[in-house]
Amino acid sequence: MNTENDVLLKLSSTIPNLSKRQKKLALFICKNCDRAAFMTASMLAREVGVSESTVVRFAGELGYEGYPELRKALQHVLRERLERTKRPCNLEKLSFSGEKFLKYLNSDAHNIKLCANEENMKNFERLEELIRECSEIYILGYDGLWPLAEYLENGLRHIRKAVRAMREDELEFLPGMENNSLMIVLSSGRKSPYRMAVSRYVRENGGTVALVSSSETNSAVNYADLAIYTENSVGVMSVIRALTARPEEEKIRDKNIAESENLRMEYKENEQ
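Attention here is on the structure that accompanies the text. (Residues numbered from 1 in each chain as written. Predicted model: local features only at pLDDT ≥ 70, side-chain atom pairs only at ≥ 80, totals over all residues. Heavy atoms only, no water.)

1. Some points on helix H4 (residues 41–48)
Among the residues of H4, those classed as buried are Ala-41, Met-43, Leu-44, Ala-45 and Val-48. Just downstream of H4, Gly-49 is the residue with a positive phi angle, here 90°. (Buried < 20%, exposed > 50% of the residue type's maximum accessible area, 1.4 Å probe, protein only. Helix = DSSP H or I, 4+ residues; strand = E, 2+ residues; numbered from the N terminus.)

2. Looking at the sheet that holds strand E4 (residues 208–213)
Reading across from one edge, E2-E1-E3-E4-E5 is the order of the five strands in this open sheet, with parallel pairing throughout. What marks the edges here is a single partner per strand, and that holds for strand E2 (163–166) and strand E5 (226–229). Direction aside, neighbouring strands of the sheet carry axes that sit 15° apart on average. Two elements, strand E3 (residues 181–187) and E4, share six bridges in a ladder whose sense is parallel. For Val-185, the partnering residue across the bridge sits in E4 and is Leu-211. (Pairing = 2+ DSSP bridges. Axes fitted to C-alpha atoms, helices over the stretch in contact; angles between N-to-C directions.)

3. Some details on the nonpolar core
Core analysis: the biggest nonpolar cluster contains 45 residues, and Leu-44, Val-55, Phe-58, Tyr-67, Leu-70, Leu-74 and Met-183 have the highest contact counts within it. Looking at this core, the element that brings in the most residues is helix H6 (residues 67–83), giving six residues. The contact partners of Tyr-67, leaving out residues within four places of it in the chain, are Ala-36, Met-39, Thr-40, Ala-41, Leu-44, Val-55 and Ala-59. (Core = buried A, V, L, I, M, F, W, Y, C linked by side-chain atoms within 4.5 Å. Contact = heavy atoms within 4.5 Å.)

4. Remarks on the packing of helix H9 (residues 146–156) against helix H11 (residues 233–244)
At a minimum axis distance of 9 Å, the contact between H9 and H11 shows a crossing angle of 10°. Considering their axes alone, H9 and H11 lie roughly parallel with respect to each other. Here Leu-148, Tyr-151, Leu-152, Gly-155 and Leu-156 of H9 come into contact with H11, specifically with Ser-233, Val-236, Met-237, Ile-240, Arg-241, Leu-243 and Thr-244. (Parallel < 35°, antiparallel > 145°, perpendicular 65-115°, else oblique.)

5. A word on a positive patch on the surface
Taken together, the side chains of Lys-20, Arg-21, Lys-24 and Arg-57 make up a positively charged region of the molecular surface. Ranked by residues supplied to the positive patch, first place goes to helix H2 (residues 20–31) with three residues. Among the structural elements, Arg-21 can be located in helix H2. For Arg-21, a relative accessible area of 53% gives the class exposed. (Patch = residues over 30% accessible without salt bridge, like charges linked within 9 Å, V, L, I, M, F, W, Y side chains within 5 Å. Areas by Shrake-Rupley, 256 points an atom, 1.4 Å probe, with all protein chains shown as cover. Salt bridge = Lys/Arg side-chain N within 4 Å of Asp/Glu carboxyl O. Lys, Arg positive; Asp, Glu negative; His and termini not counted. Charge placed at Lys NZ, Arg CZ, Asp CG, Glu CD.)

6. So, the pairing of strand E1 (residues 136–141)
Of all six residues that make up E1, six are buried, and the element is covered over most of its length. Burial of E1 is two-sided: the residues Glu-136, Tyr-138 and Leu-140 facing one way and the residues Ile-137, Ile-139 and Gly-141 facing the other way are all buried. When E1 meets E2, the two strands line up parallel, connected through four bridges. Within the sheet, the bridge partner assigned to Ile-139 lies in E2 and is Ala-165. Handedness of the E1-H9-E2 crossover: right-handed. (Right-handed = clockwise from strand over helix to strand, strands pointing away.)

7. Concerning the pairing of E4
For a regular strand, side chains alternate in direction, first toward one face of the sheet and then toward the other. Burial runs high along E4: six of the six residues are buried. Taking every second residue as pointing to the same face, both faces of E4 are buried, with Thr-208, Ala-210 and Val-212 on one and Val-209, Leu-211 and Ser-213 on the other. Pairing between E4 and E5: four bridges, direction parallel. Note that in E5 the partner of Ala-210 across the bridge is Leu-226.

8. Some details on the packing of H2 against H4
At a minimum axis distance of 10 Å, the contact between H2 and H4 shows a crossing angle of 100°. In this view, H2 runs roughly perpendicular relative to H4, as classed from their interaxial angle. Contacts between H2 and H4 pair Lys-24, Leu-25, Phe-28 and Ile-29 from the former with Leu-44, Glu-47 and Val-48 from the latter.

9. Some words on the environment of Glu-150
On the secondary structure map, Glu-150 appears in helix H9. Note: C-alpha distance between Glu-150 and Ile-139 (11 residues apart in sequence) is 8.2 Å.

10. Description of the side chain of Asn-120
Looking at where Asn-120 falls in the secondary structure, it is placed in helix H8 (residues 118–133). Given a relative accessible area of 6%, Asn-120 falls into the buried group. Side-chain polar atoms of Asn-120 contact the backbone oxygen of Tyr-229, separated by 2.8 Å. Once you skip the residues sitting within four places of it in the chain, Asn-120 turns out to touch Cys-115, Ala-227, Ile-228 and Tyr-229. (Polar contact = N/O pair within 3.5 Å; in protein donor to acceptor, adjacent residues only side chain to side chain.)

What follows is the structure, given as structure tokens:
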């Protein structure tokens, strides 16, 4: 039996034997699993209108050792729903050729140019301000972008000490986030109620969510304060490099660009 069926069966089978207050808890969790999965016992109690001890006893009625164990089970429910949306790749249909390599290089170059729009520029400047002003930074890397989350964490440490990259299964930090926290979400755009719930929870508790996504269909944008769309993961890396560039690195980059442009002009004149 999977975690989702296990939790839902426990809820439905115990409802007849629950007290009136505990039934309110069960109904709220069934209808708002994405929210309840990231609430502390006291937060859930306030939301439903019961005491914190009622929440603790409720977890015991379901067979859990405590409320944290119940909350972890609810988080697994959301993760299982995400896993069901994944589809395996058929290797037999993949092609390998030099032309394919060139095609994707040209495509990436084109997509990066598309990212240089006014909306992205405005949101990038706002993100830089948030990084300087927030009390702490959390970075989530979805869809294989975890290495980029770690890269961004290391790069931001010269600006802020309170920076932490998090995996999807390391979200116990959420109840302890400060009001002025910033969560940067790196994603390729796969829709997920679980991710929406995480972003919504952060915003509802005084934090700010910044989305850097390679797809405008990303569902987390509904709960993000700002979003930067990059068309592909290469663009995501460009955003990260810009956010983490030190002043001395920017000077070297500008010098290299100027030298490259001079060489290009000289080559063009010689051709003529």
